[in-house]
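So you can see what is in the structure, the chains are spelled out below.
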Amino acid sequence: MIAWQLIKLLASQVAGFAMKHWRIILPLLVLWCCYAQYNAQVKRADDAERELSAHIDMHKAFKSEIDIATIKRENENALKLAIAKKTLEESERINKSELLKHELNRDRETKELRAYYENRIDSTKYNFTERMRLEAERNRAGMPEVASDTSGFTKSERECHAGYSALEGACKITTIDYNRLRGWADAACLQVGCE
């Protein structure tokens, strides 16, 4: 109880002092509130700055990881490109050696094959027209139809062999080209991947 009375006495003296000097105490109280609010805002700004600094550090670390991964990927791509170029060069070398080995010339073989087919088309057209004319004459004259077609091609063995040789040469060139393109496709698959 004595403590209670002491507290009451002290509170009454403080209240009396505050009432007597309120013009001094009130501005001091306002200044203390402003100072407390200012300190809270400074602490909040410092925390935000630390958090932002941590995010910037994380961003820099992430960016450096990206840069390292990019450099690594560029090095891998450069290596794959070098391998692909070497494979293509090897494929071209093999292609040229195959053409030389079989004594093939793309222009010559193309010209011979074209001439063979153009000759064949011309003679087929001529034979078909001639066969139709002879058939019409037979029908008008009342002659029996011939069982076998005797107006077919009458080429010499040399001409026939030349046609097959041209076709064989063109097929060899096509096979060599296919193998070269297959080598290119394999090199491309090594570089960029294939599904």
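Look up a bit, the structure's there.
Residues numbered from 1 in each chain as written. Predicted model: local features only at pLDDT ≥ 70, side-chain atom pairs only at ≥ 80, totals over all residues. Heavy atoms only, no water.

(A) Quick look at the overall build of the protein chain. The helix and strand tally for the protein chain stands at four helices and zero strands. If you list the helices and strands of the protein chain from N to C, you get α-α-α-α. The buried share of the protein chain, reckoned over its 195 residues, is 10%. In the form shown here, the protein chain has an accessible surface area of approximately 16,900 Å², with 62% of it arising from carbon and sulfur atoms. (Helix = DSSP H or I, 4+ residues; strand = E, 2+ residues; numbered from the N terminus. Buried < 20%, exposed > 50% of the residue type's maximum accessible area, 1.4 Å probe, protein only. Areas by Shrake-Rupley, 256 points an atom, 1.4 Å probe, with all protein chains shown as cover.)

(B) Quick peek at the environment of Asn105. Among the secondary structure elements, Asn105 is positioned in the loop between helix 2 (22-101) and helix 3 (106-141). Classification of Asn105 by relative accessible area gives partly exposed; the value is 36%. Considered as a pair, Asn105 and Ala170 are 65 residues apart in the sequence and their alpha carbons are 9.4 Å apart. Only 3.0 Å separates the side chain of Asn105 from the backbone nitrogen of Asp107, close enough to count as a polar contact. (Polar contact = N/O pair within 3.5 Å; in protein donor to acceptor, adjacent residues only side chain to side chain.)

(C) Geometry of the pattern of salt bridges. Taken as a whole, this structure holds nine salt bridges when the rule is applied. We note a salt bridge from Asp47 to Arg50, for which the minimum N-O separation is 2.3 Å. Here Arg50 and Asp47 lie together in helix 2, a separation of three residues that amounts to about one turn. With relative accessibility at 31%, the residue Asp47 sits in the partly exposed group. A salt bridge links Glu168 to Lys172; the nearest nitrogen and oxygen atoms lie 3.7 Å apart. A residue pair is termed a helical-turn pair when its members lie 3 or 4 positions apart in one helix, as Glu168 and Lys172 do in helix 4 (residues 157-192) at four residues. One salt-bridge network, in which partners are shared between bridges, spans Lys43, Asp47 and Arg50. (Salt bridge = Lys/Arg side-chain N within 4 Å of Asp/Glu carboxyl O.)

(D) Molecular detail of helix 2. End to end, helix 2 covers 116 Å across 80 residues, agreeing with the expected 118 Å (1.5 Å per residue, within 8%). Among the residues of helix 2, Ala84, Ser91, Asn95 and Leu99 are the ones counted as buried. Phi for Glu103, located one or two positions after helix 2, is positive at around 55°. (Expected span 1.5 Å × (residues − 1).)

(E) Region of interest: unusual backbone geometry. Positioned with a positive phi, Glu103 is a non-glycine residue whose angle comes to about 55°. Among the structural elements, Glu103 can be located in the loop between helix 2 and helix 3. On the basis of relative accessible area, Glu103 is assigned to the exposed category, the value being 63%.

(F) Layout of the side chain of Ser91. Take Ser91: it is sitting in helix 2. When neighbours within four sequence positions are excluded, Ser91 is seen to be in contact with Asn179, Arg180 and Gly183. (Contact = heavy atoms within 4.5 Å.)

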